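Here is how the chains run, residue by residue.
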Amino acid sequence: MRAGFPDFRLGTVLATSFTGTLTERRGNALERIPTPHRLIDWLAVNGLAVDSCTSAQLDLARELRESIHLAATAAAVQDALPASAVQVINDRSAEGRAAAILTPGGRRQWRLSSASCVEDALSVIAADAISILAGERDGKLALCASPTCRAAFFDTSQSRTRKWCDMNTCGNRQKKARFNANQRKHSSSAE
């Protein structure tokens, strides 16, 4: 990883993890892929290594990220999917050359074309988003309960009642704020 950039929030669902490359959307937004090289880093960490990335490809990636976020947000609140977001997701899905392969350990892995390019990796992310938005996977789209975050995430918990995109970040912040408020309340009532 290159120094000087915020850590990636890695999840178990590729498409919603990708939308997490822009965090705190309703607060002080934090861009986690500010440069083409940073997108290369994110793709590599997620098993989609590419050789290079241009500024134009970074723009395509961000457009896909925002389209997935818009569609996932609409799905989470049971609204109609925005047509423009659906079009971008479909376009990115159709542009790439990637194949699903089975590893000896019985897991699915993606193989990009021999001349790995960003468009191939984006097609994998778009295909993952399509499988979630189409309801093909066991889980439910939800929005983070943090008022500054509101990230879309895919809830695969047994009860489907998860509140936070990530317990280590948003969940802990909310728990800490609640604890501090209770401490202040108890301190003022003891005086």
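Let me begin by describing the structure that accompanies this report. Each residue is numbered by its place in its chain's sequence as written, counting from 1. Confidence filtering applies because this is a predicted model: local features only for residues at pLDDT of at least 70, side-chain atom pairs given and counted only at 80 or more, and all residues used for totals across whole chains, interfaces and linings. Computation of side-chain values covers all heavy atoms of the structure but excludes hydrogens and water.

Numbering of helices and strands runs from the N terminus, with a helix taken as a DSSP run of H or I at least four residues long and a strand as a DSSP run of E at least two residues long. As for its position among the elements, Asp128 is in helix 5 (residues 118–133). Of the polar contacts made by the side chain of Asp128, one reaches the backbone nitrogen of Ala15; its length is 2.8 Å. Contacts: residue pairs with any heavy atoms within 4.5 Å of one another. Once residues lying within four places of it in the same chain are set aside, the contact partners of Asp128 are Val13, Leu14, Ala15 and Arg137. Between N or O atoms, a polar contact is any pair within 3.5 Å; within protein, one atom must be a potential hydrogen donor and the other a potential acceptor, and residues adjacent in sequence are included only when both atoms are from side chains.

On to the pairing of strand 4 (residues 108–112), then. Strand pairing follows a simple DSSP-based rule, namely that at least 2 bridges must link the two strands. Note that strand 3 (residues 98–102) and strand 4 share five bridges and pair antiparallel. By the bridge assignment for strand 4, Leu102 is matched with Arg108. The hairpin formed by strand 3 and strand 4 contains five residues between the paired strands, and Gly106 there has a positive phi angle of roughly 85°.

All right, on to the nonpolar core then. Core analysis: the biggest nonpolar cluster contains 34 residues, and Phe18, Leu39 and Ile125 have the highest contact counts within it. Looking at this core, the elements with two or more residues in it are helix 1 (14–19), helix 2 (36–45), helix 3 (55–76), helix 4 (83–95), helix 5, strand 5 (140–143) and strand 6 (152–155). If near-sequence neighbours (up to four positions away) are discounted, Phe18 is found in contact with Ile33, Leu39, Trp42, Ala61, Leu64, Arg65, Ile68, Leu122 and Ile125. We define a nonpolar core as any set of buried Ala, Val, Leu, Ile, Met, Phe, Trp, Tyr and Cys residues linked to one another through side-chain atoms lying within 4.5 Å. Note on exposure labels: buried denotes an accessible area under 20% of the residue type's maximum, exposed denotes more than 50%, and partly exposed covers the range between, all computed with a 1.4 Å probe on protein chains only. Listed in part, the eight residues of the second largest apolar core include Ala142, Ala151, Phe153 and Trp164.

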